[in-house]
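Structural characterization, general
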Amino acid sequence: MKIFHTADWHLGKLVQGVYMTDDQRYILQQFLDAIDKEKPDAIIIAGDLYDRAIPPVDAVNLLDDTFAEIVLKRRIPVIAISGNHDSPTRLQFGSKLMQDAGLYLAGEMSGDLKPVVLEDEHGEVHFHLIPFAEPSIIRQVFGNRQVSTYDDAMKETITHIQQNMKQGVRHVAVAHAFVTPYGEDAENTSDSERPLAIGGSECVNAEHFAAFHYTALGHLHKAHYVLHEKIRYAGSPLKYSLSEAVHEKGFYVVELAADGSVQVEKRKLIPRRDIRVVEGEIQQILRHEESDDYVFVRLTDPAPVINAMEQVRTVYKNALHVERKTIRLSPNEEKGLPKREQLDDFTLFKAFYGEVTKQEPSDMMLQLFKEALNELLVEEREGQEVGTK
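All of these numbers come straight from a predicted model, not from anything done at the bench.

1. Considering the overall build of the chain
- Along the chain, the regular secondary structure elements total eleven helices and 19 strands.
- Buried residues in the chain amount to 47% of all 389 residues.
- Partitioning the intrachain contacts of the chain with sequence separation of at least 6 by distance along the chain shows that 66% fall at a separation of at least 24.
- Carbon together with sulfur atoms contributes 49% to the accessible area of the chain, which is approximately 19900 Å² in total.

In structure tokens:
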């Protein structure tokens, strides 16, 4: 069976105040062209179809048009789950009606872990859908009060899946989580991805997925495998932040053989406009060839540049940000410490509390702050943040 594995479309994404919908439409047309060329048997989208719980109308229409092209026009099944940016309830709506057409959507986590079953010339392939869910949801769904972390939640979910896994068939997991080789803490692959939790409790052990012939992951925006080559992140199809400037975006083509072994190849997607860094003195930059790319400009001029953005946009009309690159080190850097903008909220709070009170925050104070931050993250995922459109 040939499977296209993609994830993290983030339709409706804003980058530095610029809506990426037209760029997303352009890249999804490339994806459709690849479908026409390679004719996969199934498409997996491993979460974060939208960038927010209540997406803009243009983003909803783009997803609807894309699904119609794949499922109705090309008759290829689409298997998709919700991510931490999606609204599970909204994504779940109408899912039962759409299954007959070949669109399988798992928005909300439930105790019904019945797989999506597709067939090829070698028999059945069972797709096990694990949409993003808070540990509290998993605790409630399965009645296990011991579930407290995302790792606990994934282990509990997969344990229930394994209890009913059919023998002698091939199994594919589709999940949206922060998976590391052994559940250890790790840096995110992109500044555009929100943390799932505060305090190092968001990571999931890759060994939980050992029972599956292939695991299609979403959440991290850089394509890579975790622990084993059969456990993979497809990454996002477009760059969504400066931290992704060096990423090669695309999707995976997964060939699932009769014995369950897999061969995986990367297919690149070429954006209409790249996101990249431009560095140099203003007079050098003004001599560059004109470009439509989204650029972050670092000026190396020793003196301030007047109307820097206006000048840069005579060459790079879609420039997103201009800053001066200073050689002088900050006090923290001189001491070998990270700069303030490189610190996470939890570390900043501890530093601020110590600076104001001249004392270390108590364990209770740290726990209260962590709980407050986690509540904000949950509210953000539910679309309750101020300014959500």
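2. Observations concerning the packing of aromatic side chains
- Summed over all chains, the structure comprises six aromatic pairs.
- Residues W9 and F31 carry aromatic rings whose centres are separated by 6.1 Å and whose planes lie at 75° to one another, so their mutual orientation is edge-to-face. In this pair, W9 sits in the loop between β1 (2–6) and β2 (14–15) while F31 sits in helix α1 (residues 21–38), placing the two residues 22 residues apart along the sequence.
- Here W9 falls in the buried class, since its relative accessible area comes to 1%.

3. A few points about the side chain of S236
- Relative to the assigned elements, S236 resides in the loop between β14 (228–233) and β15 (250–256).
- One polar contact links the side chain of S236 to the main-chain carbonyl oxygen of L238, over a distance of 2.8 Å.
- Side-chain polar atoms of S236 contact the side chain of K249, separated by 2.9 Å.
- Setting aside residues up to four positions removed in sequence, S236 forms contacts with A7, D8, H221, E244, K249 and G250.

4. Description of the packing of helix α5 (residues 135–142) against helix α6 (residues 150–163)
- The interhelical angle for the contact between α5 and α6, taken along N-to-C directions, is 35°, at an axis separation of 9 Å. Regarding α5 and α6, the two cross each other, and that crossing is left-handed. Contacts between α5 and α6 involve P135, I138 and F142 from the former and Y150, A153, E156, T157 and H160 from the latter.
- Looking at the contact of α5 with α6, its residues break down into five nonpolar, two polar and one charged.

5. Brief notes about the packing of α1 against helix α2 (residues 57–73)
- Relative to each other, α1 and α2 sit at 5°, their axes nearing to 11 Å. When the interaxial angle is binned, α1 and α2 end up roughly parallel. Packed against α1, whose contacting residues are T21, Q24, R25, L28, F31, L32 and I35, the element α2 presents D58, L62, T66, E69 and I70 at the interface.

6. A short note on α5
- Three or more residues of α5 are buried, namely P135, I138 and F142. Down the axis of α5, the buried side of the element spans an arc of 60°, and every buried residue falls inside it.
- For α5, the elements touching its buried residues are α6.
- Immediately downstream of α5, the backbone of G143 shows phi near 65°, a positive value.

7. Quick notes on the sheet that holds strand β6 (residues 103–106)
- Pairing is mixed across the open sheet formed by six strands, whose spatial order is β6-β5-β4-β1-β15-β16. Edge positions in the open sheet fall to β6 and β16 (262–268), since each of these has one partner strand only. On average, each strand axis in the sheet is inclined to that of its neighbour by 20°, with strand direction left out of account.
- As defined by bridge partners, β1 adjoins β15 across four bridges and the pair is classed as antiparallel. Bridging across to β15, H5 finds its partner in Y252.
- On top of the sheet, α1 reaches β1, β4 (42–46), β15 and β16; it is set at about 170° to β1, its chief contact.

8. A closer look at empty space enclosed by the protein
- Per the counting criterion, the structure on display carries three cavities of 30 Å³ or more.
- Here the largest cavity is characterised by a volume of approximately 130 Å³.
- If you go around the largest cavity, you meet 16 residues; those closest to its centre are P131, A133, Y150, M154 and H176.
- No other element matches α6, which puts four residues into the lining of the largest cavity.
- Here the residues of the lining of the largest cavity are counted per class, giving 13 nonpolar, two polar and one charged.

9. Concerning α2
- For α2, with 17 residues, the first-to-last C-alpha span of 22 Å sits near the 24 Å given by 1.5 Å per residue.
- Regarding α2, the residues found buried are A59, L62, L63, T66, F67, I70 and V71.
- Lining the buried residues of α2 we find α1, β4, β5 (78–81) and β6.
- Positive phi shows up at R75, right after α2, with a value of about 60°.

10. Some words on the pairing of strand β18 (residues 294–299)
- Among the six residues that make up β18, five are buried, leaving the element largely enclosed by the rest of the structure.
- For strand β17 (residues 275–280) and β18, the ladder comprises six bridges, and the chain directions are parallel. What sits directly across from R276, in β18, is V295.
- Two strands pair when backbone bridges link them, and β18 and strand β19 (residues 321–324) are joined in this way by four bridges, in the parallel orientation. Each residue of the ladder has a partner; that of L299, found in β19, is R324.

11. A word on the pattern of salt bridges
- Scanning all chains against the criterion turns up 20 salt bridges.
- A salt bridge links D23 to R272; its shortest N-O distance comes to 3.8 Å. Of this pair, D23 sits in helix α1 while R272 is found in the loop between β16 and β17, placing the two residues 249 residues apart along the sequence.
- Owing to a relative accessible area of 37%, R272 belongs among the partly exposed residues under this scheme.

What counts, and at which threshold
- Residues numbered from 1 in each chain as written.
- Predicted model: local features only at pLDDT ≥ 70, side-chain atom pairs only at ≥ 80, totals over all residues.
- Heavy atoms only, no water.
- Helix = DSSP H or I, 4+ residues; strand = E, 2+ residues; numbered from the N terminus.
- Buried < 20%, exposed > 50% of the residue type's maximum accessible area, 1.4 Å probe, protein only.
- Contact = heavy atoms within 4.5 Å.
- Areas by Shrake-Rupley, 256 points an atom, 1.4 Å probe, with all protein chains shown as cover.
- Phe/Tyr/Trp six-rings, centres within 6.5 Å; stacked < 30°, edge-to-face > 60°.
- Polar contact = N/O pair within 3.5 Å; in protein donor to acceptor, adjacent residues only side chain to side chain.
- Axes fitted to C-alpha atoms, helices over the stretch in contact; angles between N-to-C directions.
- Left-handed = near helix turned anticlockwise from the far one by under 90°.
- Nonpolar A, V, L, I, M, F, W, Y, C, P; charged D, E, K, R; others polar.
- Parallel < 35°, antiparallel > 145°, perpendicular 65-115°, else oblique.
- Arc of directions from axis to C-beta.
- Pairing = 2+ DSSP bridges.
- 1 Å grid on protein atoms, 1.4 Å probe; cavity = no way out; pocket = protein on both sides within 12 Å on 5 of 7 lines; lining within 4 Å.
- Points joined across faces, edges and corners; volume = space filled by probe spheres on them.
- Expected span 1.5 Å × (residues − 1).
- Salt bridge = Lys/Arg side-chain N within 4 Å of Asp/Glu carboxyl O.

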